[in-house]
Amino acid sequence: MEGVLDGALIPTARPVIGQAEIDAAVRVLRSGLVVQGPEVAAFEDEFSALVDGRHCVAVNSGTSALHLAVLALGVGPGDEVIVPSFSFAATANAVRLAGAEPVFADIERGSFCLDPAAVAAAITPRTAAIMPVHLYGHPAPMADLVPLAARHGLAVIEDAAQAHGAALGDRPVGTFGAAACFSFYPTKNMHSLEGGMITTADAGLARTLRLLRNQGMEQRYANELVGFNLRLTDVAAAIGRVQLRQLPGWNAQRQDNAKYLDARITAAVVPPVADAARHVYHQYTVRILGDRDAAQAALARRGVGAAVYYPTPIHRLRPYLVGGEPGWALPETDRAAAQVLSLPVHPSLTADELERVADAVNSLAGAP
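Residues numbered from 1 in each chain as written. Predicted model: local features only at pLDDT ≥ 70, side-chain atom pairs only at ≥ 80, totals over all residues. Heavy atoms only, no water.

K.L.:
How should empty space enclosed by the protein be read in this particular structure?
P.N.:
Here the idea is plain: a probe the size of a water molecule rolls over the atoms and shows the empty space left. Counted by the stated rule, this structure contains 2 cavities of 30 Å³ or more. Its volume calculated, the largest cavity comes out at about 100 Å³. Around the largest cavity, the lining is made up of 15 residues, and of these Arg14, Pro15, Val16, Lys188 and Arg254 lie nearest the centre. Its boundaries defined by the atoms lining it, the second largest cavity holds a volume of some 50 Å³. Around the second largest cavity, the lining residues are Gly110, Ser111, Phe112, Leu135, Tyr136, His138, Pro271, Pro272, His279, Gln283 and Thr285. For the lining of the second largest cavity, the residue count by class is 5 nonpolar, 6 polar and no charged. (1 Å grid on protein atoms, 1.4 Å probe; cavity = no way out; pocket = protein on both sides within 12 Å on 5 of 7 lines; lining within 4 Å. Points joined across faces, edges and corners; volume = space filled by probe spheres on them. Nonpolar A, V, L, I, M, F, W, Y, C, P; charged D, E, K, R; others polar.)

Written as C-alpha cells, this is what we have:
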C-alpha cells in the first residue's frame, strides 16, 4: 500500500482457510451429498454444545437466520421490534423483511450494546420483540433485558452474529432468548465461508424454522407452509465443523491479544468489559476522542489497517429515514459512530504485529 511506513499493512481480519478446511470440502464434494445432508446435521449437533444443548438450525447466512427467527416467532405486519441502530443493517432488515417495523433504541456508552433504560422507554402496545446485538463479541446486558421482555410479554431474539463463544458468567450467548442467530461469514470468529445458525430451546419453534428454510417441507413434496430455500450446503457445514473445533483456541488468542493492547494503548479509549462478561473480541474497538477519520488514515500510513463499524447508524440509512430525516434521537449511537475504530485483534497476529499496532495507535497522540 502506498504510504505505508513500517512494512506490509496489518489487516483487520485474516480469514483462516487451511488444509483441514480444504480437505473437508473435498471429502464432501467427492461424497456427492452436498446440500442439507449429514454434514449439516453433524454441524448442528456439534454447535449445540456451544449453546448448552439447544436445538440448532443451520441456514445459508446470518441474515437468513435473523429473518427466519422473526418469522417463526409470528412477528409480522403491525408489530414493532426494538433494535439497536448501532449495528449492521441486517439487524433491522430482518425485521422489515418480515413485515414488521424496527424501533431504534440507544446503546450503553461502555459496551456499545442496547441500553435497557432506552429499550424500556421504546416499548409500545405494538412491540412484539426485542433484538439485542452482542456487538463486537461483547454480550448485551441480558440480565436486564430478559426480565424487561418477560414483564411485557415480549420475545427476545439475540443477534449473536459476532459473538461465538461469548458469555455472561457461565451462561453462553445464544441461550437467553426465544431464539438466537449466529453468522459464519469469513471474517467472523469462525466461519463456513458463508452460513448461519439459529438456536432455540423450543422444539416446536425449531421444527418451524426447519420448515421455513426448506420450502415448508419436512418430507419431500409434503409442504406444510410457505417457506424459502435457505438451506446450508454440506460443503459449508464441513468447513464449519473444522472451524468450530478451533474456536476455543482462537477466542483465547483474541482475548490474549486484547489484553496486550489494553495494557499498551494510551492514545485511545480501550474497550471496557462489563462485570461477568466474556468478551470474544470479534472486533477490538477503541474510541478516538479527536479526529477519528484522520486517525484511521494515520494508522494506514504506519501499516496498520483499521476499520469503522459502523460509520452510519441504521436509523440514518435511507430505508429507515422518516420523512427524509432520522426519526430517532440517539445521542450515544451518534457519538459511537463518530468515535469508534476497530483495530486488528485476530488470532493470526504475530507478536511483532501486535507491537506495531499498539505503537501506531500511541503515535497518534503526537500526530499533526
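K.L.:
Hey, could you run me through the layout of surface pockets in this one?
P.N.:
A volume near 520 Å³ is recorded for the largest pocket. Surrounding the largest pocket, 27 residues form its lining, Phe88, Gln162, Ser183, Lys188 and Tyr310 being those nearest its centre. Sorting the residues of the lining of the largest pocket by element identifies α3 (62–72), α4 (90–97) and β8 (179–183) as the ones contributing at least two each. Considering only residue class, the lining of the largest pocket consists of 11 nonpolar, 12 polar and 4 charged. (Helix = DSSP H or I, 4+ residues; strand = E, 2+ residues; numbered from the N terminus.)

K.L.:
What is the right way to read the packing of aromatic side chains from this model?
P.N.:
Aromatic ring pairs are described here by two measures, namely the spacing of the ring centres and the angle between the planes. By the definition in use, this model includes 13 aromatic pairs. Aromatic side chains Phe104 and Tyr320 sit 5.8 Å apart centroid to centroid with 85 degrees between the ring planes, which places their arrangement in the edge-to-face category. You can see Phe104 sitting in strand β3 (residues 101–105) and its partner Tyr320 sitting in the loop between α9 (292–301) and α10 (331–339), a full 216 residues away along the chain. By the burial criterion, Phe104 is buried, and Tyr320 matches it. Their ring planes at 70 degrees and their centres at 5.8 Å tell us that Tyr309 and Tyr310 sit as a pair that is edge-to-face. You can call Tyr309 partly exposed: its relative accessible area is 25%. Through a chain of ring-to-ring contacts, the aromatic side chains of Phe86, Phe88, Phe112, Tyr136, Tyr309 and Tyr310 assemble into a single cluster. A cation over an aromatic ring shows up here: Arg171 above the ring of Phe176, its NZ or CZ 4.3 Å from the ring centre. (Phe/Tyr/Trp six-rings, centres within 6.5 Å; stacked < 30°, edge-to-face > 60°. Buried < 20%, exposed > 50% of the residue type's maximum accessible area, 1.4 Å probe, protein only. Lys NZ or Arg CZ within 6 Å of the ring centre and 35° of its normal.)

K.L.:
Is there a simple way to think about helix α6 (residues 142–151) in this case?
P.N.:
In an α-helix, one turn spans 3.6 residues, which is why side chains three or four residues apart end up on the same side. Residues of α6 that are buried: Met142, Leu145, Leu148 and Ala149. What you see down the axis of α6 is that its buried residues fit within an arc of 135 degrees, all on one side. The outward face of α6, more than 90 degrees from its buried face, is lined by the exposed residues Ala143, Ala150 and Arg151. Among the structural elements, α5 (116–122), β4 (127–130), β5 (155–159) and β6 (167–168) are those in contact with the buried residues of α6. (Arc of directions from axis to C-beta. Contact = heavy atoms within 4.5 Å.)

K.L.:
Could you clarify how one ought to interpret the sheet that holds strand β7 (residues 171–172) in this entry?
P.N.:
Picture the strands of a sheet paired through backbone hydrogen bonds; they go either parallel or antiparallel. Pairing within the open sheet is antiparallel, and its 3 strands lie in the order β7-β6-β10. Looking at strand neighbours, the two that pair on one side only are β7 and β10 (277–278), the edges of this open sheet. With 2 bridges connecting them, β6 and β7 associate as antiparallel partners. Bridge pairing in β7 places Leu168 opposite Arg171. (Pairing = 2+ DSSP bridges.)

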